[in-house]
Amino acid sequence: MVGVSADASASGATAALREHVERLGLVDHHVHGTWTADADPVRLANALNEADTAPLADPRTAWDTQLGFAVRRWCAPLLDLEPHVAPEAYVARRAELGEEEVARRLLRPTNVDAWFVDTGWSTGLTSPDGLAALGGGTGHEVVRLETLAEQLLPTLDDPSSWAEAFGARVEEAARTSVGFKSVIAYRCGFAVDLAPPAPRAVAEAARRWHAGVVDGRAPRLDDPVLLVAGLYAALRTRRPLQLHVGFGDRDLDLAAVDPLLLTGLLRRDEVRGVPVMLLHCYPYERAAGYLAQAFEEVHLDVGLTTHFLGARGVGAVARSLELAPFHKVLYSSDAAGPAELHHLGARLWRNAVVSVLGGWVEQGEWSAGDAARVATMVGRDNARRVYLDA
Amino acid sequence: MVGVSADASASGATAALREHVERLGLVDHHVHGTWTADADPVRLANALNEADTAPLADPRTAWDTQLGFAVRRWCAPLLDLEPHVAPEAYVARRAELGEEEVARRLLRPTNVDAWFVDTGWSTGLTSPDGLAALGGGTGHEVVRLETLAEQLLPTLDDPSSWAEAFGARVEEAARTSVGFKSVIAYRCGFAVDLAPPAPRAVAEAARRWHAGVVDGRAPRLDDPVLLVAGLYAALRTRRPLQLHVGFGDRDLDLAAVDPLLLTGLLRRDEVRGVPVMLLHCYPYERAAGYLAQAFEEVHLDVGLTTHFLGARGVGAVARSLELAPFHKVLYSSDAAGPAELHHLGARLWRNAVVSVLGGWVEQGEWSAGDAARVATMVGRDNARRVYLDA
Amino acid sequence: MVGVSADASASGATAALREHVERLGLVDHHVHGTWTADADPVRLANALNEADTAPLADPRTAWDTQLGFAVRRWCAPLLDLEPHVAPEAYVARRAELGEEEVARRLLRPTNVDAWFVDTGWSTGLTSPDGLAALGGGTGHEVVRLETLAEQLLPTLDDPSSWAEAFGARVEEAARTSVGFKSVIAYRCGFAVDLAPPAPRAVAEAARRWHAGVVDGRAPRLDDPVLLVAGLYAALRTRRPLQLHVGFGDRDLDLAAVDPLLLTGLLRRDEVRGVPVMLLHCYPYERAAGYLAQAFEEVHLDVGLTTHFLGARGVGAVARSLELAPFHKVLYSSDAAGPAELHHLGARLWRNAVVSVLGGWVEQGEWSAGDAARVATMVGRDNARRVYLDA
């Protein structure tokens, strides 16, 4: 550290950064609604475990996690409880207040100015406008490709025309939404042929899928041919395309959602000029950061990770700031259901940014001005530029 | 960190946590015996290198490692030497004291109450009772499936009956041992078909294997069909099943022992309700933690890693506390041979837990009570519940 | 941390380590030349992005990266500017001074005594002697196998004799160079058959390749058969063999350059006794460290990573000191082009070593003497022993 004189105002610099970061109105570029009905303790406990799709054998165990500890630490005071209060007391107070009041208390302090809501999984969750009504700011829609496809299928007389009909729906959706989201990660993973499928193969796959329609409802879309065709339909609109990457529930194969499996797709001409947003990325943040440096179009966030890792989330934020150019890193919460997740997304991201960037300022590696500027880019301006200015 | 007032008693809290952790009697849920005969310097040096199965070209290089430095730092004082003493002096003092006295001096301060000993690799090593006699506490046996199979084979007249005979042996072993261990990681890795093999395929494989018996000794078991059949035999007993995962010697292919390759197996009905213990896990701690959240049955430890990483082991302990619910994380040393490894397993785990959990308490993320409680769960109670209360 | 008394002279120890590390004359065992002609701002910006092979859409974004911030922090003062100066001012001052003066100012303080220069990619870059003339110390050549092969091909009358002719060239090069370098990572990755190809297959591949010669110039060598044959030709000379591993530009498939894919090759007899140098390794430092412990021949560095990660580079240096024995870890910059990269390679490595090793000394884990000794091994002596004493 030759040449670094100890900065006498180091902690002053961190305090200034903290104030800047707290005041920054965020864009949460990937989020879901909050619960619209009161939740019982078992449902709440299961919501604290992202990965396990089976009901927890002992719901109390969900509280003995980084997320459970973070809820008790950071959310309890907003429900008039002491930090680290016992789970039972927390749950009781929550029931007393009711879901809507809990949401209001937890959402307002997030200081989020814009919520980009994936509406593709919305049963029992607030709409974009509903979320904004509770939390402040404005709600915007992100359209989930697989949901759109599943809604369309039963309405088709001739499934051979699926590609054309779906393309039209996607174009239409592009006019009213800020972007698209794909959960191909959950449906077949990335270790499939990601080249554009031949029209004949798409028509054939659509016919097979259509044969499964019962009572006007489509079976779950999991055919790689149609899923991949969906990605290209979205790419044609030039709107930002969000891709679930990495950590999720156990329905996915974590090894098959390594973002490096997207390298071939990212090299294709169809991707040029279309923002590709890699979501979550845990534990592949470094690979995602490499792709963000390698491809002008690639962006990433560590949403979901921050609240599930609680006290360890700061490391995920730090890893997202290695190879990725800073104009490619975004904030999201990926919260869904209990408003605790929305709150923690913002709270822990702010804490992490102050800790990580502030640390670099204190060590003399970064200037205080750069730290504030990068926090603003990641927390707000990158999302505005990518989604709203395009 | 809005809302966190600097905790004036922060370092007091860490001191209290340290005292709690030091007093905690551990369960070492995966360990091997100590050497029963005095070791010469070359043998000792080779034991300090886990991965290289060839004799070291220059045994002195084994000391210039994190493990070598940790031995000199933490074990030397227990042999009446200064911390960081030169390797030559350490080796000389060790020879002076003899293996048994060294073991006694290094094992007692581990404060381990129960040793779960993998007896499948035991030549020249103390038995569970022998280990407990030197180190205090009680010894328990973990039966290694591959060793059991290799012992059984030469006794069979008709190898076609191997499955049945092996199943009977496993059931018998389940009555006297606390659990089973598989080293399928070393024999064929996880990138094989992990579905239950057909009985005919098992019989066929057993015949092929039996044909290699010479002088009443079985060849090394490395047929995936039999190895996988062995896993299911163990699962049927409902006893905890330990799986070597990740880092080991170079006989294994590290890429083929990524725990994510177990995802398909973990989804199977045969696993429901049977504790699966992922051992070591380096450098796949994050993937193992994800599996521990996704599957009620999955547990993990970072034994072996702590002492081989020395000053860097604290990071491995921290990574094991990300996604995994805290009732799924266990302590082990995986020590084998020189008692330095047993000592360092406990010493460095305690240091890491105080540093990591204490750090969270000081930052206001965790309560002091939670930190002590999680330390107790990981160090002792989770193992008791999984192995002894089942 | 029982038994550790707080070391009153802890920060004194770090200060002494810093002085030792600053004075240490380094061997940069893998580097390229500096630019011989003045660079315009766009070229400079593109050089700050390793991974993206397409011209950056907005060159200003290259400065909003860890590398860009590190250049402004550490290089600006050597051009008489304030730390963290604006990119525009930095670029202007750079143009004012000219490339040669910039190089002189940035290279001298690296305190590098020996530069091992990969001359296989050298257009517009200084030679080993030219680099040494600017930066001090001595220049040595590392011969890139693929470049040698591409130069040889057009001179052959009978491409069937390629193997023999290439072997002769490699033997000749072994007499005047300190070692060989392969970029097979870029040409086909490691997920190919790495066993020695049959002579007939090599002759056949050479004929196919030769058929593409136009105007006396060979097409880019990307046939795995010839690339692998090249590795064995180098191994036969017993000279150190450098392999690009991990992070590089997007021409490579990052998943296909995981060093664990080299495990089978490393187990082969042909490798015994030949130093294999794994370069860069990001984000696979832990896997590389495992291989360095498992195989006597394997060495590693984290060159390239240190400057591209800037403030986060300290973690890469720390990860390189986990499983790898300390006599297997080396320093390199892998700098190429702007002398900022050469400067930052040394500057950030020294900072990281003081921070990481000094931290262990302060925590009482390592002795001050060991820290200085390991810094010397990694920074200088390991390279001398491997390349010069062999």
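The model shown is predicted, which means the values in this text are computed figures rather than measured ones.

Rules used in this analysis
- Residues numbered from 1 in each chain as written.
- Chains lettered and ligands numbered in written order.
- Predicted model: local features only at pLDDT ≥ 70, side-chain atom pairs only at ≥ 80, totals over all residues.
- Heavy atoms only, no water.
- Buried < 20%, exposed > 50% of the residue type's maximum accessible area, 1.4 Å probe, protein only.
- Helix = DSSP H or I, 4+ residues; strand = E, 2+ residues; numbered from the N terminus.
- Pairing = 2+ DSSP bridges.
- Right-handed = clockwise from strand over helix to strand, strands pointing away.
- Least-squares fit on C-alpha atoms with pLDDT ≥ 70 in both.
- Contact = heavy atoms within 4.5 Å.
- Domains from an automatic or database assignment.
- Buried area = accessible area lost by both parts, 1.4 Å probe.
- Salt bridge = Lys/Arg side-chain N within 4 Å of Asp/Glu carboxyl O.
- Polar contact = N/O pair within 3.5 Å; in protein donor to acceptor, adjacent residues only side chain to side chain.

Asker: How should the pairing of strand S1 (residues 26–31) of chain C be read in this particular structure?
Answerer: Consecutive side chains of a regular strand alternate in pointing toward one face of the sheet and then the other. All names here are of chain C. Extensive coverage of S1 is indicated by the burial of six of its six residues. Two strands pair when backbone bridges link them, and S1 and strand S2 (residues 112–118) are joined in this way by four bridges, in the parallel orientation. Paired with valine 31 across the two strands is valine 117, which belongs to S2.

Asker: Is there a simple way to think about the pairing of strand S3 (residues 138–144) of chain B in this case?
Answerer: Residues and elements named next belong to chain B. With five bridges connecting them, strand S2 (residues 112–118) and S3 associate as parallel partners. Following the sheet pairing, tryptophan 115 is matched in S3 by glycine 139. Remark: the S2/helix H6 (residues 128–135)/S3 crossover connection has right-handed handedness. Pairing geometry for S3 and strand S4 (residues 179–182), over three bridges, is parallel. Bridge assignment links valine 143 to a residue of S4, and that residue is phenylalanine 180.

Asker: Where do I start with the relation of the copies chain A and chain B in this structure?
Answerer: What connects the two chain copies is a rotation about an axis and a shift along it. When chain A is fitted onto chain B, the two copies agree to an RMSD of 0.0 Å after a turn of 120 degrees and an axial shift of 0.0 Å. The two molecules are tied by a three-fold rotation axis, judged by turn and shift. Here only 3% of the contact residues of chain A are again contact residues in chain B; the copies associate through non-equivalent surfaces.

Asker: What is the right way to look at helix H13 (residues 285–294) of chain B in this model?
Answerer: For the α-helix, the turn length of 3.6 residues means that residues three or four positions removed from each other point alike. Most of H13 of chain B is tucked away, with 10 of its 10 residues classed as buried. Every buried residue belonging to H13 of chain B is among Glu285, Arg286, Ala287, Ala288, Gly289, Tyr290, Leu291, Ala292, Gln293 and Ala294 of chain B, and all of these are buried.

Asker: Sorry if this is basic, but what is going on with the environment of arginine 250 of chain B here?
Answerer: Here arginine 250 of chain B lies in the loop between strand S5 (241–245) and helix H12 (263–266). Accessibility expressed as a relative area gives 13% for arginine 250 of chain B, which makes it buried. For the pair formed by arginine 250 of chain B and tyrosine 186 of chain B, sequence separation is 64 residues and the distance between their alpha carbons is 9.0 Å. Sequence-distant contacts of arginine 250 of chain B, defined by excluding residues within four places in its chain, comprise Ala51, Asp52, Thr53 and Ala54 of chain B together with Arg267, Tyr290, Ala294 and Phe295 of chain C.

Asker: How should I be thinking about the domain arrangement of chain A in this particular structure?
Answerer: Residue and element names in this part refer to chain A. By the assigned domains, chain A splits into domain 1 (6–37 + 102–388) and domain 2 (39–97). Computed over C-alpha atoms only, the centres of domain 1 and domain 2 are separated by 25 Å. Across the contact, 28 residues belong to domain 1 and 24 residues belong to domain 2. Carbon and sulfur atoms make up 65% of the surface buried where domain 1 meets domain 2, a total of about 2200 Å² over both sides. When residues of domain 1 are sorted by the area they lose upon contact with domain 2, Trp35, Arg105 and Phe308 head the list and together hold 29% of the total. Between the two partners, domain 1 and domain 2, sit three salt bridges. Between arginine 94 and glutamate 340 there is a salt bridge; the shortest N-O distance is 2.8 Å. The tally of links between domain 1 and domain 2 comes to eight residue pairs in polar contact (both at pLDDT 80 or more). Breaking the side of domain 1 that touches domain 2 down by element, the ones donating at least two residues are helix H5 (99–107), helix H14 (305–309) and helix H16 (339–362).

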